[in-house]
Each structure stands twice: as structure tokens, then as C-alpha cells.
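Summary of structural features
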Amino acid sequence: MSVIARNITKTFGAYTALADVSLEVPTGKLVALLGPSGSGKTTLLRIIAGLEFADPGSGRIDFHGQDVTDTPAGRRGVGFVFQHYALFRHMTVAQNIAFGLTVRPRKERPPQAKIDARVKELLKLIQLEDLGGRYPSQLSGGQRQRVALARALAVDPKVLLLDEPFGALDARVRKDLRRWLRHFQREIGVTTIFVTHDQEEALELADEVVVMNNAKIEQVGTPQEVYDQPASPFVIEFLGNVNRFAALGHPLPGAGGDALYVRPHDVDIQRDYKGEHGIRVRIEHVFSAGNYGRLALVRTDNHETIDAEISRARLAELGLRAGEEAWVVFRHIRLFPAEGKFTERDVVADDAAPAVADPGRGI
Amino acid sequence: MSRSSRSVIPGFGLTLGYTLFYLGVIVLIPLGGLFYKTAGMGWDDFTRAAFDPQVVHSYKVSFGAAFAAALLNAVFGLLVAWVLVRYTFPGKRVIDALVDLPFALPTAVAGIALAALYAPNGWIGSWAQPLYADFVASLERLVPAVPWQAFLGNRLAFDLPGIFIALTFIGLPFVVRTVQPVLEEIEPELEEAAATLGATRLQTLRRIIFPAVLPALITGFALSFARAVGEYGSVVFIAGNMPFRSEISPVLIVAKLEAFDYAGATAIATVMLVASFVLLLVINLLQRWTRRHDAA
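Residues numbered from 1 in each chain as written. Chains lettered and ligands numbered in written order. Predicted model: local features only at pLDDT ≥ 70, side-chain atom pairs only at ≥ 80, totals over all residues.

**Focus on the overall build of chain B**
Formally: Think of it this way: any DSSP run of H or I at least four residues long counts as a helix, any run of E at least two long counts as a strand, and we number them from the N terminus. Residues are treated as contacting if the C-beta atoms built from their backbones sit within 7 Å of each other.
Helix and strand counts for chain B stand at 14 helices and zero strands. In chain B, the succession of α and β elements from N to C terminus is α-α-α-α-α-α-α-α-α-α-α-α-α-α. Taken over the C-alpha atoms alone, chain B extends approximately 60 × 60 × 35 Å along its principal axes. Across chain B, the fraction of contacts at a sequence separation of at least 24, relative to all contacts at a separation of at least 6, is 79%.

Have a look at this one:
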């Protein structure tokens, strides 16, 4: 079931939550709405769910070609999962899951045996087979969120919507649940949209990432696309760590734009460097964990800070310590000139002769 | 520290000691005195005083009217709390403050005001009295098997309905003030979750919201009921205090005291106390049962 939102505007008094936003979600995809708080991502999700309605006269929501703009939430066939689970405390897990089926009008309601079977099936899916008789207060956060998911799935929704589904969980549970959601979404193939402010979550989980900022969509693309080809300074800054420089005065040739970005893993550090693109830095702090060594560097000329991420092997090879000085060379940079069009360059950091490769390449 | 468990509040011994002392002086010693006084009169005297037909009838009136009033308060208190929590309208804060008025008003004032209003020549009584009398009369005609007049009286003021009106008045804030905070705390997400699952507004109300406020509603009912059982000041002015008809137990107690029959008064008081305690205990258990799912 595809979801199409067209020209959605939503204002709360003087505050604009969504400004003429359009979005298309193809059938069966897992899509992330990613953005900082206040970017309008949750409002968009709630409008798709029918829990909120776009400003009168603005926009249209289609589910699989069918206009549902004015259809109330209960008849849209959506499953909605809330950040704080919103489980019914006075009902058991099984009663929670069955709720959507038991509130159906008598004629459409499945017989009790069928409801029980469906609940059992869902309990198995969320790996809580033996906990059907428990109350939500007796479950852990991760278990509660899985129950909330099962409750949403019980009514066979055409679209599954999740609002910061892992936001209230601790890091480990979040990771497990993420993997589990990915797996199970693939399996049942329901069109799924989830809201998150965690870029890692969005990149890891989604088929497609919708980056939102300031009531607008900044970019839509696969995780690879939005990470490697960011459409705006906002996207590059929001997705992962990045060094931002005022490009003027930078030793790189052709760097005449307003802002220049370098990812920490595109920063190379060398002890001796003879070329013309190097930057002299002092090492402030070295930290290594996992596969990477992270370094906090300070330029000796203008005291701008630079974050670098190099492999541990390379770090060991260089033998760098805090307080020492070294050279920094950028492998890959992105420029966003004032007009907003951006260029991208690969800088080959050969020890002998660094060169600007394919300076005309841009998007 | 030698103690294995330490609480945040310092001085467990001191606070517990004070609590026990306080409860002792304020509650237990007077109640103990009551039982002591009653115990001194012997079983035969006690039963004669406490289960005299007139007294027994007054128990029925007291507990029956209190129960009915608390029930009505539970319904309308819930409604008032709902309106105060869910809607914004001009004058909402004034109405919110008005709810507490029965707490603050001297009950005698309330009783006199209500009696004046519902009296046959009062503002409400002048038109509602004939309607009520007709209503009871037609019930008697339609279902002659039930002694309707004994249950409902046939006058608003100075009869059974007056007791019910006064007890409803004084009990309302208990329900509103216990239900209101619980209603406020119900997350909108619960209703939204129900809505996305296809529940109608009515189903959401019945299956989600009502169970969530039920424990608080029972508490409010219990408080309202307990208050109504012991109420004297407002009832005495509007009840008419007719023996075997509209006489409540506290009125009888006062009558006995005025006749210097202290033992008789304490006998009635003891029965009321025990009955109230048992009823409140039952209500408490019921409430615990409705909260069973909160136990982690």
C-alpha cells in the first residue's frame, strides 16, 4: 500500500509545523522521517495516521490511490506505535493485542476463537508467547514496545506508523529491537514509516530516509545517498559527524564557497608532509575504542578545531600523542557556496603529490 | 552505618512515634472511650438502645440516603470532573472554585438554604413539589406492590428527599477532587491508540477511560459516602426529622444526648461506627481489586 502526501501545510496558531510538504512512500518500503525536534516529522506522521489533520484547504493524503484526507484514523487501516507505548494498563497483554479486533462492530468482529488464535500468533511473532496473561506494568520497556507493535499489527494495517519507537529504550534493547523490526518488516512487507531523531537508526534501518528540517523536507534518498550526497549543509551536518570550516582562506585550490565540510574519516594525518594542501595542527586529545582512533586537533594558524577518525592500525603506526604537531590532509571535501549549489571533490592524499582529482565533479 | 535500610526521610523512629501518638490522641482514644462507655452498659441494655425499632429505621435512612447520594455524586462528580478537565470555556476557573464550596460552607447554612429552596413555598419547591408528589403517587398506582412513599417520601423538603438533597450537596466535591487529577493524567496517546485501532468514542470511553478512573471514582464514592453517613448539620434542617420516616441516626444520637441518655447515644454511635468501618473496608478491597494490574 503506497502512501502519498501532497502539499501538506499544518499550522498551530502562529507556528508552522509543516510548510507545503509532499512525500511519496512506495508499497512495502521502510521509510524513516529523520530530523531534529520541531522539524515537523511527528506532525507529518500524525497527519498520515489521521490523528491530526492538515490545514483546511491544504494538501491531500492518498493510500494506494485512494483519497483518505478526511477519513478518521480508525478507518484508515493504519497501525500506530507510540514512543511511550500507550498500552492499556488495565488490560492484559493478550487483551491489549486483541483490542483492535474486539472493538469492531458485531458483524465484522471475528469469532472469539479466531481472535484468540490471532493473539497467539502475534505473541509468537513478538517472542512473548508465555506472557499473554501479564499486565503491561509487569513487562520491561522493550517487551512493552513489542506488545504495542503486536497490538497495532493485530488489525492487519495497510500502513504501519511508528513515532520514535525506540526513543524510550536503553541502548542495548534499542539495538536488538531495531534489528528485529528490520527483519520482521521485510518478512511481512507492510509499508512502514517511522519517525526518529537518531541518524544512526535511520541510516541503519530504512530503505529510504526523509530528512526534515524547519517544517520542510530537505532531502529524500537511500541511506547511502543522503549520507554520501547530501543536498544541503543541514543534511551533511545532521547526518553524522562533520568538520565545518569557513572555506575562505583555506589552502585548497578552488575553495571559494561559504562553507566547507569534511567528514572525520576523510581526514588523514601525517607526521611529515611536503605538499601544498596540508594543514599544520596540534593534537589535543587522542581516544581509541573499537576500530577507530578519534583525534581532536587544533589548527596552529587559526585555532579552528578538527575532528579526525583514523584506523587504529594507522594510529599505532603514527604513534601520535597529545601535544604533538602533525599535518592534516583532507581526502574528500564538500563545498556549499552561498547560492546553495554544492560541489564535491576528492583530494588524493598521496604523500608526494596531493592533487585535486576531477575538480569539476559535482551534483 | 549499622542499619541495612535507610530511608530518605530522617528519623523513622521519631516520625512513626509521632504518627502513633497523634492517631492515638485524635482518633483512637475517643473511639476507645466510645466503646468503653458502650461496654459498660451490658448486652441487654445495649441491644435495647441500639436496636430499638425507631433506631433501626434511622440506620436504614442514614445508610440508604448516604449510599444513594454517594451514587448520584459518583455519576455527576465524574461528569463535572470530565468537563473541568477536558474543555476550556469562559468561567471555568470560577466553576472549578465553586466545586469546593460545600467543603467550606458551614453545613447548617447549607441545610437552611436548601430547606428554604425546596420548601413548598421556596423557589424550587413551589413548582417541583407538586411534580414530585404526582410522581410518587403515580408510582404507587403503577406498582402498588412497592411501598414507594416509605422509600421516596412525598415531599421534597422536610422528608426523605430533603436528606438525599443535602447529602448530595455536601458529598459532591469528594468525587470531583479525587477523579479530576486522575483524568488529567490519562495520556492522550491512550485515546489516540484506541482511535487508530478502530474504537469509537464511546468504546474508548467505556473500555479505556472509565477503567482508568474507576479506582479514583470508588475512592471518591467512599469519601462521599463516609461524609454523608456522619452528616448532621445540613440534614437536620431539611429532613423534617419524623420518627420512622425521615429521622437519621445522628439526629437520634443528639436527641438522646439532650435527654442525658449518654449510654444510649454511644450505643447507636457504636453500631454506626462498626457498620461504617465494615462498609469502608469492603470499598477499599473493591478498589484494590480494580487496581490489581498496577502491581509490578
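Anyway, onward from the coordinates.
**Structural notes on the overall build of chain A**
This is how the line gets drawn: Backbone-placed C-beta atoms define the burial measure: a residue is buried with 20 or more other C-beta atoms within 10 Å of its own, exposed with 12 or fewer, and partly exposed in between.
Across its full length, chain A carries nine helices and 20 strands. The buried share among the 363 residues of chain A stands at 40%. Across chain A, the fraction of contacts at a sequence separation of at least 24, relative to all contacts at a separation of at least 6, is 61%.

**Describing the pairing of strand β3 (residues 30–34) of chain A**
Residue and element names in this part refer to chain A. Basically, it comes down to this: Two strands qualify as a pair provided that DSSP identifies no fewer than 2 bridges between them.
Taking burial as the measure, the five residues of β3 include five buried ones, the bulk of the element. By the alternation rule, side chains of β3 split into Leu30, Ala32 and Leu34 and Val31 and Leu33, which are all buried. With five bridges connecting them, β3 and strand β8 (residues 191–196) associate as parallel partners. Its bridge partner lying in β8, leucine 34 is registered against threonine 196. Bridge count for β3 against strand β9 (residues 208–213) is four bridges, and the pairing is parallel. Along β9, the bridge assignment pairs valine 31 with glutamate 208.

**Structural notes on the interface of chain B and chain A**
In many analyses, interface size is given as the accessible surface area lost on bringing the parts together. The following threshold applies: In this classification, the charged set is Asp, Glu, Lys and Arg, the nonpolar set is Ala, Val, Leu, Ile, Met, Phe, Trp, Tyr, Cys and Pro, and all remaining amino acids, among them Gly, are polar.
With 17 residues of chain B at the interface, the matching set in chain A holds 20 residues. Per element, the largest residue contribution to the side of chain B that touches chain A is six residues, and it comes from helix α10 (residues 188–196) of chain B. Partitioned by chemical class, the residues of the side of chain B that touches chain A number nine nonpolar, four polar and four charged.

**A closer look at the nonpolar core**
Spelled out, the test is: In these notes, a nonpolar core means any group of buried Ala, Val, Leu, Ile, Met, Phe, Trp, Tyr and Cys residues linked to one another through C-beta atoms within 7 Å. For each domain, the first and last residues come from an automatic or database assignment.
Ranked by size, the top nonpolar core spans 102 residues in total, and within it Ala32, Ile48, Leu161 and Val328 of chain A carry the most contacts. The residues that make up this core include at least three from each of domain 1 (3–237) and domain 2 (242–357) of chain A. Leave out the neighbours within four places in its chain, and alanine 32 of chain A touches Phe194, Thr196, Ala202, Leu205, Ala206, Val209 and Val210 of chain A. In this structure, Val55, Leu114, Ile165 and Ile170 of chain B belong to the second largest nonpolar core, which totals 57 residues.

**Quick word on the pairing of strand β16 (residues 305–311) of chain A**
In regular strands, side chains alternate between the two faces of the sheet. All names here are of chain A. Residues Ile306, Ala308 and Ile310 line the buried face of β16, whereas the alternating positions Thr305, Asp307, Glu309 and Ser311 sit on a face that is not buried. Across seven bridges, strand β15 (residues 292–299) lies against β16 in antiparallel orientation. By the bridge assignment, valine 298 is partnered in β16 with threonine 305. Between β15 and β16, which pair antiparallel and follow one another directly, the connecting turn spans five residues, one of which, histidine 303, has a positive phi of 60°.

**Thoughts on the sheet that holds strand β4 (residues 60–63) of chain A**
All names here are of chain A. Definition in use: Between N-to-C directions, angles span 0 to 180 degrees; the directions come from axes that are lines fitted to C-alpha atoms, helices contributing only their stretch in contact.
With antiparallel pairing, the four strands of this open sheet are ordered in space as β2-β1-β4-β5. At either end of the open sheet lies a strand with only one pairing partner, and these are β2 (15–25) and β5 (66–67). With four bridges joining them, strand β1 (residues 3–12) and β4 adopt antiparallel strand pairing. Within the sheet, the bridge partner assigned to arginine 6 lies in β4 and is arginine 60. The sheet contacts of helix α1 (residues 41–49) involve β1, β2 and β4, and relative to β1 the element is tilted by about 120°.

**Considerations on the sheet that holds strand β6 (residues 78–81) of chain A**
Working definition: the strands of a sheet are paired by backbone hydrogen bonds and lie parallel or antiparallel to each other. Residue and element names in this part refer to chain A. Spatially, the six strands line up as an open sheet ordered β6-β7-β8-β3-β9-β10, and their pairing is mixed. The sheet is open, and its two edges are formed by β6 and β10 (216–221), each paired on a single side. Taking the axes of each pair of neighbouring strands and ignoring which way they run, one obtains an average angle of 15° across the sheet.

**Notes on the confidence of the model for chain B**
In low-pLDDT regions, the fine details of the predicted coordinates are not to be read closely. Residue and element names in this part refer to chain B. Rules: Scored from 0 to 100, pLDDT records how confident the predictor is in each individual residue.
Per-residue pLDDT for chain B has a mean of 90; in total, 96% of the residues score no lower than 70. Predicted confidence in chain B is weakest over helix α8 (residues 148–152), with a mean pLDDT of 87, and strongest over helix α3 (residues 53–86), with 95. Note on the complex model: pTM 0.79, ipTM 0.81.

**Notes on the packing of helix α9 (residues 160–185) of chain B against helix α11 (residues 201–230) of chain B**
Residue and element names in this part refer to chain B. Threshold: Here roughly perpendicular refers to angles of 65 to 115 degrees, roughly parallel to angles under 35, roughly antiparallel to angles over 145, and oblique to all remaining angles. Note on convention: near helix rotated counterclockwise from far helix by under a right angle means a left-handed crossing. Clockwise means right-handed.
Put simply, α9 and α11 touch, their axes get as near as 8 Å, and they point 155° apart. Relative to α11, α9 is oriented roughly antiparallel. Between α9 and α11 lies a crossing whose hand is right-handed. Listed contacts from α11 to Leu167, Ile170, Gly171, Phe174, Val175, Thr178, Val179, Val182 and Leu183 of α9 are Val213, Ala216, Leu217, Thr219, Gly220, Phe221, Leu223, Ser224, Arg227 and Ala228. Grouping the amino acids of the contact of α9 with α11 by side-chain chemistry returns 13 nonpolar, five polar and one charged.

**Section: the confidence of the model for chain A**
Residue and element names in this part refer to chain A. When pLDDT is averaged along chain A, the result is 86; 89% of the residues meet or exceed 70. Summarising per-element confidence for chain A, the mean pLDDT is lowest in strand β20 (residues 355–357) (35) and highest in β3 (96). Within the model, pLDDT remains below 50 along residues 348–363, and this stretch shows 28 contacts once partners closer than five positions in the same chain are excluded.

**Quick notes on unusual backbone geometry**
Residue glutamate 164 of chain A is not a glycine yet carries a positive backbone phi of 45°. On the secondary structure map, glutamate 164 of chain A appears in the loop between β7 (159–163) and α5 (171–188).

**Side note on the environment of leucine 315 of chain A**
By the secondary structure assignment, leucine 315 of chain A is in helix α9 (residues 312–318). Sequence separation between leucine 315 of chain A and arginine 294 of chain A is 21 residues, and the spatial gap between their C-alpha atoms is 9.0 Å.

**Focus: α5 of chain A**
Let me state the cut-off plainly: The span you would expect from a helix comes to 1.5 Å times its residue count less one.
A rise of 1.5 Å per residue sets the reference length of α5 of chain A, with its 18 residues, at 26 Å; its end C-alpha atoms lie 26 Å apart and thus fit the reference within 8%. Remark: glycine 189 of chain A follows α5 of chain A within two positions and exhibits a positive phi of approximately 65°.

**Brief notes about helix α1 (residues 12–39) of chain B**
Cut-off, in case you're wondering: Two axes are fitted around each residue, one to the seven residues ending there and one to the seven starting there, and the angle between them is reported as the bend at that residue.
For α1 of chain B, the principal kink sits at glycine 24 of chain B and spans about 50°. Burial within α1 of chain B is sparse, with just one of its 28 residues counted as buried.

**So, the environment of alanine 269 of chain B**
As for its placement among the helices and strands, alanine 269 of chain B is situated in helix α14 (residues 262–290). Residues alanine 269 of chain B and leucine 252 of chain B lie 17 residues apart in sequence; the distance between their C-alpha atoms is 9.8 Å.

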